[in-house]
Amino acid sequence: MNQKQRQKRVRSRGTRPHMEAPTGSTRAGGPATTVSGPVVLGSVITVGELADAIGVSAVEVIKSLIRRGIMAAINQQIDYETAAAVAAEFGVETEEHVPEAAQQASAVIEQELRAGAAGPGAQPRPPVVTIMGHVDHGKTKLLDAIRETNVAEGEAGGITQHIGAYQVEVQGRKITFLDTPGHEAFTAMRARGAQVTDIAVLVVAADDGVMPQTREAISHARAANVPIIVAINKIDLPTANPMRVKQQLAEVGVVPEEFGGDVPVVEVSAKQRLGIEDLLEMILLVADLMELKADPNRPAIGAIIEAKVDQTRGPVATVLIQSGTLQLRDVVVVGSTWGRIRAMFDDRGRRVRRAGPSMPVEILGLLDVPEAGDILQVVEDEKTARELAEERARQRRAEAFTEMRVVKLDELYAGLESGETRELRIVLKADVQGSLEAIQNALAKLNEEIESVGITVIHSGTGAISESDIMLAATTGAIVVGFNVRPDVAARRAADASGVDVRYYNVIYHLLDDVRAALSGLLAPETREVTDGYAEVRETFRLPNRTVVAGLYVVSGKALRNSRVRVLRHGTVIHDGTVASLRRFKEDVREVAAGYECGLVIDGFNDVVVGDQIEFYHVEEVPRTR
């Protein structure tokens, strides 16, 4: 390297985007020296840039990150919060530099939504409704009935559904329905910060009553603080019993108006088209009480309902406008992508030039496919949109490599001491209703004993822990407690990805002791269950001595001779014990890998049947971090 190149490299150091290097800094390991004033860092920064900025070697920065549980290479990006903590360890003060475009955009979104709803230009807007309920209770048929009831004269064959949301007109007023797959999508959008639903319509079958997914839907609506209207469907059936359904709803805390509660109940038959007009009128009545307003004369802000890539049209997104009016040729930024609106289509596939508050439209013109729940925002020009999208893309990349800050039972006391935590939220699942009620009663008594924090069960139900339970816990900051039940495969993946704390118990007093100990800061060293593998029972054999051998197919992980085993039937634990024998081709083996078959004898348990799941696991003690 010649003298000119060295001078050029020295001049360029410290002038990387979103950061300023301190004068007199050195790359030697240890505290930075001769730093005048705080170091300015961007919202995201690479490990190498951070090392340059604070004047230490990249190796030292990487070591500091590893101590925080973050594995990062020299060119990997981290967020400002993590970078500031590392810098503080080396005695360097920092300041965050947020690009002006990003700073203004986030402030504008909040201000625009508030001003649009309460400003002088605010006008009544259509309510946005989501249909929720248990499988086979008639959600889809009800949506179809609402659509067909509102078909304009001359339109044969009904409305062709083009996008995942549509509007109907009742008494000269519009209602927007989100045609989403129930509460999973409802909660996933909330997880990304998009609170788009105004009213939840809970569909309950008159012949079936309140079911597990009905309870889940109620919990999700309550967590989002959305008013509920109950539609009791299938009243035309001879086995229909609406009064029994109302009593069941009252038992789970959804008290109908005729019982002195505040939840409107409408009896309908989607098949016979009965009560549909009454339901729509009730939706308008609830909307009137909510006084829903938005200002159409502002730059548009909306939420992405769904998005995909069309082979002929490119990235296509369905957006629900929340405030302002979206127009053709508007420049928009959506999450970490941007574009100029080339075309817009309404729910019937017709081209439109403008879309006002609560109107769903399909848009073309984005450079990439956004994610459901991303916020769409109109900006002044392409330069601002590009800067903002790039900054958000960097931020998301950084978030992917940093720890998720979720509630952990072990860390609850530290949160109480710092004043960050005042409530312990629990998603509770148990094997039977009796256990569920006993645990809820015990937690209620514990709640009365302890004044420093409130214990709230935001959802409870029987059966295996589902992905929906994990999503609800992630969006509400709850922990998941399973009593004699385990998560299914999708739920386990979701828990690992989101970092949700999932606890398993088979003795109620152990559960209560852990909660009490966590609230008082006396939680014992954590023991953690590690799953070694899963297997399915494909066949069973009975030996002459009456011992039952389970013929297994190992689905994932490994079946280990020294593991403990748990027998799961429909997600419920029916036995927890040890391996008596693990064989392959009549030979004793120590382990069997995924994709292979083997024979298993469980010590003292012969009631295994085809279709059962076998979980192989071991327990290890994890040192406390505080």
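Residues numbered from 1 in each chain as written. Predicted model: local features only at pLDDT ≥ 70, side-chain atom pairs only at ≥ 80, totals over all residues. Heavy atoms only, no water.

Thoughts on the overall build of the protein chain
Check the secondary structure of the protein chain and you find 16 helices and 32 strands. Long-range pairs, those at least 24 residues apart, make up 71% of the contacts in the protein chain with a sequence separation of at least 6. Carbon and sulfur atoms provide 48% of the accessible area of the protein chain, an area that totals close to 30,300 Å². (Helix = DSSP H or I, 4+ residues; strand = E, 2+ residues; numbered from the N terminus. Contact = heavy atoms within 4.5 Å. Areas by Shrake-Rupley, 256 points an atom, 1.4 Å probe, with all protein chains shown as cover.)

As for helix H10 (residues 276-290)
Helix length check: H10, at 15 residues, gives a terminal C-alpha distance of 21 Å against a target of 21 Å (1.5 Å per residue), a fit within 8%. The set of residues buried in H10 consists of Ile276, Leu279, Leu280, Met282, Ile283, Leu284, Val286 and Ala287. Looking one or two residues past H10, Glu291 carries a phi angle of roughly 55°, positive in sign. (Expected span 1.5 Å × (residues − 1). Buried < 20%, exposed > 50% of the residue type's maximum accessible area, 1.4 Å probe, protein only.)

Focus on the pattern of salt bridges
The tally for this structure, following the rule as stated, stands at 23 salt bridges. We note a salt bridge from Asp295 to Arg298, for which the minimum N-O separation is 3.3 Å. Glu615 is the salt-bridge partner of Arg566, the closest N and O atoms lying 3.2 Å from each other. Within this pair, whereas Arg566 is found in strand E27 (residues 564-569), its partner Glu615 is found in strand E32 (residues 613-622), the two being separated by 49 residues in sequence. (Salt bridge = Lys/Arg side-chain N within 4 Å of Asp/Glu carboxyl O.)

A look at the environment of Thr94
By secondary structure assignment, the location of Thr94 is in strand E4 (residues 94-97). When near neighbours in sequence (up to four residues on either side) are disregarded, Thr94 contacts Pro38, Val39, Leu41, Tyr80, Ala84 and Ala87.

Quick look at the packing of helix H14 (residues 467-476) against helix H15 (residues 489-498)
For the pair H14 and H15, interaxial distance at closest approach is 8 Å and the crossing angle is 20°. As far as their axial angle goes, H15 and H14 are roughly parallel. Read as a crossing pair, H14 and H15 show a hand that is right-handed. Each of Glu467, Ile470 and Ala474 in H14 lies in contact with H15, whose residues at this interface are Ala490, Ala491, Ala494, Ala495 and Ser498. (Axes fitted to C-alpha atoms, helices over the stretch in contact; angles between N-to-C directions. Parallel < 35°, antiparallel > 145°, perpendicular 65-115°, else oblique. Left-handed = near helix turned anticlockwise from the far one by under 90°.)

Some points on the nonpolar core
With 28 residues, the main nonpolar core has Phe177, Leu279 and Ile283 as its most contacted residues. The set of elements that each furnish at least two residues to this core consists of strand E6 (128-133), helix H6 (139-149), strand E7 (165-170), strand E8 (173-178), strand E9 (199-205), strand E10 (228-233) and H10. It is H10 that provides the largest number of residues to this core, a total of eight residues. Excluding anything up to four places from it in sequence, Phe177 contacts Val129, Ile131, Leu143, Ile146, Ala165, Tyr166, Val168, Leu280 and Ile283. Counting 21 residues, the second largest nonpolar core, distinct from the first, contains Ile45, Ala83, Ala84 and Ala87. (Core = buried A, V, L, I, M, F, W, Y, C linked by side-chain atoms within 4.5 Å.)

Re the sheet that holds strand E20 (residues 375-379)
The six strands are arranged E13-E14-E19-E17-E16-E20 in a closed barrel whose pairing can be described as antiparallel. Each neighbouring strand pair of the sheet contributes to a mean axis angle of 45°, computed without reference to strand direction. (Pairing = 2+ DSSP bridges.)

Focus: the confidence of the model for the protein chain
Here the protein chain averages 78 in pLDDT, and 77% of its residues register 70 or above. Within the protein chain, helix H1 (residues 3-12) has the poorest average pLDDT of any element, 41, and strand E11 (residues 265-267) the best, 94. pLDDT under 50 marks residues 100-106. Its contacts with residues more than four places away, or in other chains, come to nine contacts. (pLDDT = per-residue confidence, 0-100.)

Digging into the sheet that holds strand E24 (residues 502-505)
On the basis of which strands lie adjacent, the open sheet formed by four strands has the order E22-E21-E23-E24 and parallel pairing. Both edges of this open sheet fall to strand E22 (454-462) and E24, since each of them pairs with a single strand only. Averaged over all adjacent pairs, the angle separating strand axes in this sheet is 25°, with direction ignored. Relative to strand E23 (residues 479-483), strand E21 (residues 423-430) runs parallel, the two being bridged by five bridges. The residue of E23 that forms the bridge with Leu428 is Val481. Running at roughly 175° to E22, helix H13 (residues 433-449) makes contact with E21, E22 and E23 of the sheet.

Re the pairing of strand E17 (residues 337-345)
The buried fraction of E17 amounts to seven of the nine residues, a majority that puts the element mostly inside the structure. Bridge count between strand E16 (residues 331-334) and E17: four bridges; the pairing is antiparallel. The residue of E17 that forms the bridge with Val331 is Arg340. Linking two consecutive strands that pair antiparallel, namely E16 and E17, is a turn of two residues; a positive phi of about 60° is found at Gly335 within it. Judged from the four bridges that link them, E17 and strand E19 (residues 360-366) form a sheet pairing that is antiparallel. Pairing of Met344 across the sheet is with Ile363, part of E19.

Describing the packing of aromatic side chains
Under the counting rule described, the total for this entry stands at one aromatic pair. Taking 5.6 Å as the distance between ring centres and 20° as the angle between the ring planes, the aromatic pair formed by Tyr166 and Phe177 counts as stacked. Taken together, the residues Tyr166 in strand E7 and Phe177 in strand E8 connect sequence positions 11 residues apart. Exposure remark for Phe177: the relative accessible area of 0% places this residue in the buried category. The residue whose ring lies beneath Arg313 is Phe345, and the NZ or CZ to ring-centre distance is 5.6 Å. Taking NZ or CZ as reference, Arg486 lies 3.7 Å from the ring centre of Tyr504, over its face. (Phe/Tyr/Trp six-rings, centres within 6.5 Å; stacked < 30°, edge-to-face > 60°. Lys NZ or Arg CZ within 6 Å of the ring centre and 35° of its normal.)

Comments concerning the packing of helix H2 (residues 47-54) against helix H3 (residues 58-67)
Between H2 and H3, whose axes approach to 8 Å, the crossing angle comes to 115°. In this view, H2 runs roughly perpendicular relative to H3, as classed from their interaxial angle. Crossing of H2 over H3 shows right-handed handedness. Residues Val47, Leu50, Ala51 and Ile54 of H2 lie in contact with H3, whose contacting residues are Ala58, Val61, Ile62 and Leu65. Looking at side-chain class alone, the contact of H2 with H3 contains eight nonpolar, no polar and no charged residues. (Nonpolar A, V, L, I, M, F, W, Y, C, P; charged D, E, K, R; others polar.)

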